[in-house]
Structure formats: C-alpha cells, structure tokens
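# Architecture at a glance
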Amino acid sequence: MAPPAQSPDHSITKKRAYQNTKSSVAITGMGCISAAGTDTKSHWININKSTARCSPVPDWLFFTKLHYPVFAAPPEALSPTGRDLFESASPSLLSSTLSRTLNLAVSAVAEALNQAGIGLQYLRGKKVGIALGTTVGCTFNNEEFYEQWRRGLEPDLAPILHYLSGNLAQALHGILGTQGPSAVVTNACASGTDAIGLAKGWIASGACDLAVAGGADELSRIAYNGFAGLQLSDTEQCRPFDRHRKGLNLGEGAGLLVLEEEGQARERGITPLGWVRGYGSASDAWHPTAPHPEGRGLKCAFVQALADAGLSIQDVAMINAHGTGTKANDLAEANALSNLLPESCHVAIVSTKGMTGHTLGAAGGLEAVLTLLALRQGVTPGTHGYQSSDPQLPVNPIPQGISAPLPTRIGMSQSLAFGGGNAALVIEARP
Amino acid sequence: MRQEVAVTAMSVSTNKENEPVLASLKKTLRRADGLTTQAVVAAAQALAKAPTREPAPVEVGIFVGTAFGPLETNFRFLDTLLDDGEGQASPTLFSHSVHNMAAGYISRLLDLRGPALTMTTFTWPFLSALDTAWQFMAQKKVRRALVTAVEAKSAVLEDALRRLGASDDSVSVEEAVACVLDPVEWAPPGYPVLQDLEINNRPCAPQILLTRKGERWAPQSSQCPIGPLDHALAIIKALTHLRSKSADDILAFSIASLFGDARLTWRTKEEKP
C-alpha cells in the first residue's frame, strides 16, 4: 500500500493523514432508484447495456413548452419493495400523502435495509441516524398555491402543511418509527455526498448505532426552468466530458447506504459490502454558480478524503466524477484530476450522469451506490455519452461502450455544487 | 462525550445595525437577497470579533442552519416564471434560491475554504448547524467553525400563520446570528465552553412546526421565543449573559416541544490559576 496522501498546501490534511486510524464504518446495505432502474440490480444491468432512459418531460410529471430532455424515474416512485416497507412500517399512512422525493427515498431505503438484513423490529430497537441530501425536496414548489395566494385568494393550506411535513430525514424517521440523529443537508448538488460523510462521522463517534445516508430528489418544473435559464441544460442527451457536450440533463432518484460500525454488523452475522473509508469537503470561495476553473475546492476535498482514509491516490482504481456535461464543470473537474493524478497513475474515470441525469441532491448518494456496485464487480462500465475526447480536457474518462477492469477495490465518488461546495468520498468494496 | 469547544465570538445581524460592515461588502452583495446579506454580515462580524488566530482558509468550516431558506427568493423566481413564461425566468433569482447560497457567499466573501454545510430543518436549525460544526471540530476536519442561523421574512408564511390561528408571526424577522467555535485553548477566560448538546425530534402535526404551539424553554422563561431563528437569538443571548457569571456555573438551555426536545449545556472557561 502506498504512503498516505499529503496535501502540498494544507497543513490540516498533512497532520490528519497519520493521526487517523482506518475507520471501520461498514456499508451493509445499499439501495437506489432512478431512470436507470428501480433497484441496484436493474441499475447495474442497464448501465452495462448503456440503455439510457432520457426523454422529453413526461406529461404525468409536469407540463412544459421547453425541449430539454430529462431522466425521469418511473411514474410510481414507490417501488414494490418500498411499498412493502411503507405499508408494514406505517399502515395508517397513505403513500400518496408523501412527496415524490420521499417516495423515492423510501424505495431506496427499503432495498438497502433488506440487503443489510435489517427488519423493522431490529431497527426500532436501535439508535438510527438519518442523513439525507436534497434540493427540490426541501423547497416549497407548489405553483398552484402560490399563484392563487399572490392573487389575494386564500388557497387551501394543505400544500403548506405538506411542505412542513416533508423534511426528508424527520419524515423518514416518522415512517420507519425510528429515533436518532436527523439531518437534511442542503448543499445543492453535493448534498448526498456530504450527507454520507456526515453519517460516517456519526458512526465513527458512536452518535448512533446505524445510519441511513444518501440523497433523494424529484424533478420539478421550477428547477427545470432554472437550469434552462442558466443555459446549463442540453437539448439533447448529455455527453459528460465529450468535446461536443452542451450541458446537463436533469434527473431524479434516490441512492442510500446503510452504515454501521463493522463489529456490530459482524455480530449480526452480516458481512459488509464495503466501507466508507474517507470523506472530504471544501469550498471554492470563488463564484455563486461556476466552479473554480482549476477545481481548487475539489482538489482540497479529494486530498482530505484520501487522508481521512489513510490512503494514497495509487490505491484508487476508479473515480466516479461529478461529470455533469456542462462546459465549466467538466473542465474544472478534469483540471483538478489532472493535477491530482500522477502520470504513472492509471485511474479509471467515469461519469454515470449519462445514465441517470443530474439528480441534484440525490446525485452524491446515487453515485456512491453506483461506485460501490462497480467496485464489487471489479469492473466499471464506461461513460455513457462520452465518445470523442475534448482536447481542452487534460484527462479522458472511460468511453461509452468500454468496460475497464479495476485492479483494486477502492474508488472515489466526488460532487461539485452551486455555491462552490465540493465533497469526495473514498469507498472500498469487500473483496 | 465530544471534546469541548469554546464559543469565542457572537453576532446578531439586522438590517439596521450593521451599516459599516454592509458598506464594505456592498458591491459583492449587490445581487444577494436579504437572507444571504444578513448571513454574510453576521458571519463577518462574528469572525472579526474572534480571537486573533490565523487558521488556514481551509481549516475554517461554515455551518448554516435554516428552516425555510431562501423561500422568498424562490417565490420571486416563481413570479418571473408565472409572469414572463417558460424560458424567460430569472437565472439570477434561481441560483439565489438554492439553500446553500448564503454559505457560498460567506465562503467567497470571507475567503473561507473549508467545508460549508447548510442544514435545513423546521425544528431547531441553529442547533443542527451547531451540532454538525461541533462534530467536524471533534473529528479534526476543521480547527475553527463559523455557525450561522438565518431566516427570511416571508409574507406567505405569515399569512399561513394567521390562518392557522397563531397569535404571533414567528417568521417575520429577517436576521441572522452567528458564532465562532474554537478550541478551548484559544478562548480567553470567561468565555462559554460547550459541554453537551442533545437533540431529539419526534413526529408531530405539521402546523405545529410553524405555530410552535406548546414549545417551552427552560430555565429562562416558561414560554420560549417563537420561531427557529428566535431560538438561535435566545441561545446567543444566553451565552453572552454567561460571560459575566462565575466559572463554576454549569448552565443548560432546554427546549421541550411537541416535535421533540433539545438541551445545550455549557460552562465558563476558568481563569488561569
């Protein structure tokens, strides 16, 4: 194993690299839902087949005159597994009273808990932390209510009450009947990654017995128009890192991990799927919406995550990049990675957004799941949409249609966000 | 139990009281909404009052707590969408309707490059941000933490409150509070040292999260301040008050409500023998 990472310019990470013992925050379950599938198995199959479900905005989602395609999850956001969990956990509730974001989250958490071998009875006897990232999921987006209100009418308050009952973490606690730490991280597109990092800290410090962490977000007409206004959306299917890329496609979904202290998992007879080894988070301090052109904050978060894991870049087999397909993001990310990766280092770089779209607050959670899936298989599919290299980008990801074998079981998943936020995770799969 | 941290600076920002700071940041805040402006001002003031240490920019974390975030900016964006039509909505308003925009401005204008996390909860957002900041300090991810709570004035929520029969407008303030957390050894004697923080949430009827009916704060008053930001203000005032008290006092700020309970315990840093 190579020596731990050192930051050339940040003393805090230098010190920590040697102080930190390898944490044993185990991943015992994972679940996801998006346009690429309703569970981890279907995601893996569809991503390997490169069957992307990018389409015009479906009528059942919302009406729009614009022509930016999206990656919509199935109309029924609550998967069969999710419905089973929901009906047994909260028999008096109706899933139709939950937001679409919450239904997506319940679907992912149901799969993750099943995989972790955790039933409701066990769950309710434990101190459970829930840390979720979201963007749309924490916003009041009821256009009909607002339109009536601003005309001086007194619309029914049900949408306000729906909004107040929609805090993802607390609502999920309510549905599951669990108690413990609760956090909704609203760090724009890095929310899910930061939420997992926060939950890793909870487990490491003993703040809870197990944690459900990741992100969830739904498509909304408001965010759709916002990204269109910023001219960040592509009218065709997105092409992360490709020389012809023109922007992102919005998506929706949820991706969640069950985290536990490893000893506890083994006591239950559960072998971990992997571990969250490291987490780093840092700011660009640069611009409200554009990333620092050299990826200043991303580099710092990346180095911190490696140092937190006590690992070096030479230990890493793959990087699941943020890779949105916008000109600025992909350039900043490629510049940062070029600076971070030695020439001798052959890390497989991919973006999965060509298969899921940009799921905003869910992206970090979903991509952590997809990273672990690839690491467990020892191979990563290429980047859907990436076919021709951009001479302006100093690194090249694995192209669409190519699979790259992974020499180690350690990978990184990274996120960049509006506001200049950056976050990175180091994930290791069990051999 | 986490390692103790000291509260070395505190600030409350209102529109009236911070003209000098506002003037120095005026140009860069010209596109920012009131929520972001107040958060930046409170953060800048708190940082200016903090002990003269020079942690690297990457060693300072920003932790913002909010219940409603830039709700009114979201409505202004929606106005442009409804009035001007699709494809014409304001991109500037959209980008400023993102919940972490205040944290992003604080980071950029104060050149702080550590983690910047925004925590959104209707219960006690300041305590959620404080708890997260403390965790990051305990795990040595940051050496100094800037904790801010901020809310925007919202006519929509005020109207909802009125219709729900509440007697007070809990979200009528547009202010921010901020405090700086430092290692205890950086704090001068007499400053508050946080010992414990416990937050327990439980399900409740959603309107209670707006009306705050039945919420109680002890020991300062039987009726706690209304609203999530009012709690932050009250805690900051309590911490400020403590600085004139003796070092042996262990004080606690407790909240009980229909949606859970919280307790913050602190002491005063002792004088050197």
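In what follows, the accompanying structure is described. On a predicted model such as this, the values are computed, not experimentally measured, just so you know.

### Description of the overall build of chain A
- Per the secondary structure count, chain A includes 15 helices and 12 strands.
- Taking 22 Å as the expected radius of gyration for a compact globule of 431 residues, we find that chain A reaches 20 Å, a close match to that expectation.
- C-alpha extents for chain A along the principal axes are approximately 65 × 50 × 40 Å.
- Among the 431 residues that make up chain A, the fraction classed as buried is 65%.
- Pairs at least 24 apart in sequence give 81% of the contacts found in chain A among residues at least 6 apart.

### Digging into the interface of chain B and chain A
- Taken residue by residue, the interface counts 55 residues in chain B and 56 residues in chain A.
- Elements with a contribution of two residues or more to the side of chain B that touches chain A: helix H3 (71-84), helix H4 (91-96), helix H5 (101-110), strand S3 (116-120), helix H6 (125-138), helix H7 (155-163) and helix H8 (208-211) of chain B.
- The element contributing the most residues to the side of chain B that touches chain A is H3(B), with 7 residues.
- Residue composition of the side of chain B that touches chain A, by class: 28 nonpolar, 19 polar and 8 charged.

### Observations regarding the nonpolar core
- Among the nonpolar cores identified, the biggest contains 231 residues, and A:Ala105, A:Ala131, A:Leu257, A:Leu259 and B:Leu181 are the most heavily contacted of them.
- It is helix H4 (residues 100-116) of chain A that provides the largest number of residues to this core, a total of 10 residues.
- Discounting residues that sit within four places of it in the chain, A:Ala105 has contacts with A:Leu132, A:Leu168, A:Leu172, A:Ala216, A:Ala254 and A:Leu256.

### Here we look at the packing of helix H12 (residues 296-309) of chain A against helix H13 (residues 327-340) of chain A
All names here are of chain A.
- Relative orientation of the contacting elements H12 and H13 amounts to 45°, with a least axis distance of 9 Å. In terms of orientation, H12 lies oblique with respect to H13. The two elements H12 and H13 cross, and the hand of that crossing is right-handed. Residues Leu298, Lys299 and Phe302 of H12 form the contact with H13, whose participating residues are Glu333, Ala336, Asn339 and Leu340.
- Partitioned by chemical class, the residues of the contact of H12 with H13 number 4 nonpolar, 1 polar and 2 charged.

Definitions and limits used
The residue count restarts for each chain, going from 1 along the sequence in the order it is written. Chains carry letters from A onward and ligands carry numbers from 1 onward, assigned in written order. Per-residue local features of the predicted model are confined to residues with pLDDT of at least 70, and side-chain atom pairs are confined, for both listing and counting, to 80 or more; whole-chain, interface and lining totals are unaffected and use all residues. Under the scheme used here, helices are H or I runs from DSSP no shorter than 4 residues and strands are E runs no shorter than 2 residues, and both carry numbers assigned from the N terminus. Each radius of gyration is computed over the set of C-alpha atoms, and the globule rule expresses the reference value as 2.2 Å times the number of residues to the power 0.38. Three classes are used. A residue is buried when 20 or more other C-beta atoms lie within 10 Å of its own, exposed when 12 or fewer do, and partly exposed in between, with C-beta atoms placed from the backbone. By definition, residues are in contact whenever their C-beta atoms, placed on the basis of the backbone, come within 7 Å of each other. The residue classification treats Ala, Val, Leu, Ile, Met, Phe, Trp, Tyr, Cys and Pro as nonpolar and Asp, Glu, Lys and Arg as charged. All others, Gly included, are polar. Under the definition applied here, buried Ala, Val, Leu, Ile, Met, Phe, Trp, Tyr and Cys residues are grouped into a nonpolar core through C-beta atoms within 7 Å. Under this scheme, a helix contributes an axis fitted over its contacting stretch, all axes are lines through C-alpha atoms, and angles between N-to-C directions fall in the 0 to 180 degree range. What sets the label is the angle itself: under 35 degrees gives roughly parallel, over 145 gives roughly antiparallel, 65 to 115 gives roughly perpendicular, and the rest give oblique. Should the near helix be turned anticlockwise from the far one by less than a right angle, the crossing is left-handed, and should it be turned clockwise, the crossing is right-handed.

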